Amino acid sequence: MNQLIVQKYGGTSVGTLERIKEVAKRIARQRKVGVDLVVVVSAMAGETDKLLKMASTITENPERREIDLLLSSGERISSALLSMALHAEGCPAMALTGRQIGMFTDNSYTRARIKQIDTARAKKLLQENHVLVVAGFQGINEQGDVTTLGRGGSDTSAVALAVALGAGQCEIYTDVDGVYTTDPNLVPEARKLDTIFYDEMLEMASLGAKVLQIRCVEFAKKYNMPLVVKSSFVEDSRGTLICKEDPNMEDPVVSGIMCDKNQAKVTIKGVPDKPGIAADVFGALADVALSVDMIVQNVSEEGHTDISFTVTGADLNEAIQITRQVADAIGAREVSADKNIAKISIVGAGMRSHSGVAATMFRTLSAENINIMMISTSEIKVSCIIQQSQSKLAVQKLHDAFNLAEAPQAAKPLSSPKKAGGSKRVTGKRRAG
Ligand code: ADP
Ligand code: ASP
Ligand code: MG
């Protein structure tokens, strides 16, 4: 049997009929080398947003079940068109929906999780020499209803299929030629990384580097599936390899800066300060699988306190609705929301063994008069919530402060006696080139 590669083409890669034909030519060429291919596609660029807008024009609160049925059509269109384009190239191919590829999920409409993939049909079709062109982002639940996997979910469809089918690697084709130190469309000095570790990429994805959906990185890490991010717009894109940490290499203190503007802050004022309140608030949000990111509780004054937390912009309306119900039940004074915020984060595996990184971040923001509203840290990241209007400046200044535009130097294995002492940014071979 040939080696199997799973590829995923994002919205811009299949954004026009011309692009679809280009991608078909690329796939047909690769097929000739003798690899089996499963190709996962996103909806054509802008299509999902267009469908969401249609839904919100009809009603303010569309049912999530119906949203999923609506949105899944975007990926079906691109898979059918790409399969036709492959036929025109003389390449045997078959377009398949989430249901047809055997993608089973839980019942959480609009943010479903994959439970199982029935690969029997896919394996048979691959044996019959077809390129499988799979509509990404979708599956079915146990009732047989269509579900979707959250924005950017085609990345996760691709990695899950790669794991289930035992592919050698999963290639994510997009409009940039890899993972950069920060969004290259916002900061021209951003530098492409040749390699990045799963843990770093996990943080970057969860902190707003939308180049990969976080679930896809979780899958890849769990099953040790090599993930390559490449451009579909250039022929020989070397891309970025996302892989397991190499214990023989020192890690860069900061690998990347992320900016997530798709964040909103909810504040509950005048909350009675007594045991069980946080459990009530966050329990109610957890009951509907709504994820909360940062949480801050003020020092209590006269038996009352304020609690603030952040959610994604898409979850804001639902979060406000639920929080208001809980606030009424617990006798809190009011609930307010702020959408004009951004989360700025620095990520790097080397933070584990270097101190002063957070202080450098705070100093850099303070020098620009940027107020920090919330802070959260983990072993390998520091995040700050700031005003959205200051986010671009913050990213640029932090990129400078941590010297990220600078090309890394030669390889420095940990065991080397000539280890770079005193250098603020220690680099490893994985960064070279
Ligand atoms: P696709 O439609 O192919 O899934 P996305 O728009 O979801 O593409 O992701 C690619 C985009 O991610 C790039 O155009 C870039 O603007 C953005 N991006 C954000 N942060 C990064 C980063 N650190 N490295 C590369 N791209 C990034
Ligand atoms: N089309 C969906 C979105 O725009 C899924 C994806 O592109 O991966 O979020
Ligand atoms: Mg994407």
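Since the model is a prediction, treat every value here as computed from it, not as a measurement.

(A) Expanded view of the site of ligand 2. Ligand 2 sits among Ser42, Ala43, Thr48, Glu75, Phe137, Arg151, Gly152, Gly153 and Ser154. Gly152 places a polar main-chain atom, nitrogen or oxygen, 2.8 Å from an oxygen atom of ligand 2. Measuring from an oxygen atom of ligand 2, one finds a backbone N or O atom of Gly153 at 3.3 Å. When isolated, ligand 2 has an accessible area of 260 Å², and the protein chains bury 87% of it. Tallied by class, residues from the shell around ligand 2 come to two nonpolar, five polar and two charged.

(B) Seen up close, unusual backbone geometry. One non-glycine residue, Asn129, adopts positive backbone phi at about 80 degrees. Inspection of the secondary structure assignment puts Asn129 in the loop between helix 5 (120-127) and strand 6 (131-135). Taking relative accessible area as the criterion, Asn129 reaches 41% and is therefore assigned partly exposed. One non-glycine residue, Asn403, adopts positive backbone phi at about 50 degrees. Inspection of the secondary structure assignment puts Asn403 in the segment after helix 12 (391-401).

(C) Expanded view of the confidence of the model for the chain. Chain-level statistics for the chain give a pLDDT mean of 91 and a share of 93% at 70 or above. In the predicted structure, residues 409-433 sits below a pLDDT of 50 and forms 58 contacts with residues beyond four places in sequence or in another chain.

(D) View of helix 8 (residues 214-222). Listed as buried for helix 8 are Arg215, Cys216, Val217, Phe219 and Ala220. In this structure, the buried residues of helix 8 make contact with strand 5 (114-117), helix 6 (154-165), helix 7 (198-206) and strand 11 (227-231). Backbone geometry just downstream of helix 8 places Asn224 in the positive-phi region, at approximately 55 degrees.

(E) Summary view of the packing of aromatic side chains. In this structure the tally under the stated criterion is three aromatic pairs. Seen from their ring centres, Phe282 and Phe309 are 5.4 Å apart, and the 80 degrees between their planes marks the pair as edge-to-face. Taken together, the residues span a long stretch of sequence, with Phe282 in helix 9 (residues 277-287) and Phe309 in strand 16 (residues 304-312) at a distance of 27 residues. Residue Phe282 shares its accessibility class with Phe309, and that shared class is buried. One cation-aromatic arrangement involves Arg19 over Phe233; the distance from NZ or CZ to the ring centre is 3.8 Å.

(F) Quick look at the nonpolar core. Within the largest apolar cluster, 46 residues are counted, with the highest numbers of intra-cluster contacts made by Val38, Leu132, Leu161, Cys170, Leu212, Leu227 and Ile242. Discounting residues that sit within four places of it in the chain, Leu212 has contacts with Asp155, Ile172, Met201, Ala205, Val217, Leu227, Val229 and Ile242. Counting residues in each nonpolar core, the second largest holds 22 residues, with Ala264, Ile268, Leu316 and Val335 among its members.

The rules we used
Residues numbered from 1 in each chain as written. Chains lettered and ligands numbered in written order. Predicted model: local features only at pLDDT ≥ 70, side-chain atom pairs only at ≥ 80, totals over all residues. Heavy atoms only, no water. Near = heavy atom within 4 Å. Polar contact = N/O pair within 3.5 Å; in protein donor to acceptor, adjacent residues only side chain to side chain. Areas by Shrake-Rupley, 256 points an atom, 1.4 Å probe, with all protein chains shown as cover. Nonpolar A, V, L, I, M, F, W, Y, C, P; charged D, E, K, R; others polar. Helix = DSSP H or I, 4+ residues; strand = E, 2+ residues; numbered from the N terminus. Buried < 20%, exposed > 50% of the residue type's maximum accessible area, 1.4 Å probe, protein only. pLDDT = per-residue confidence, 0-100. Contact = heavy atoms within 4.5 Å. Phe/Tyr/Trp six-rings, centres within 6.5 Å; stacked < 30°, edge-to-face > 60°. Lys NZ or Arg CZ within 6 Å of the ring centre and 35° of its normal. Core = buried A, V, L, I, M, F, W, Y, C linked by side-chain atoms within 4.5 Å.

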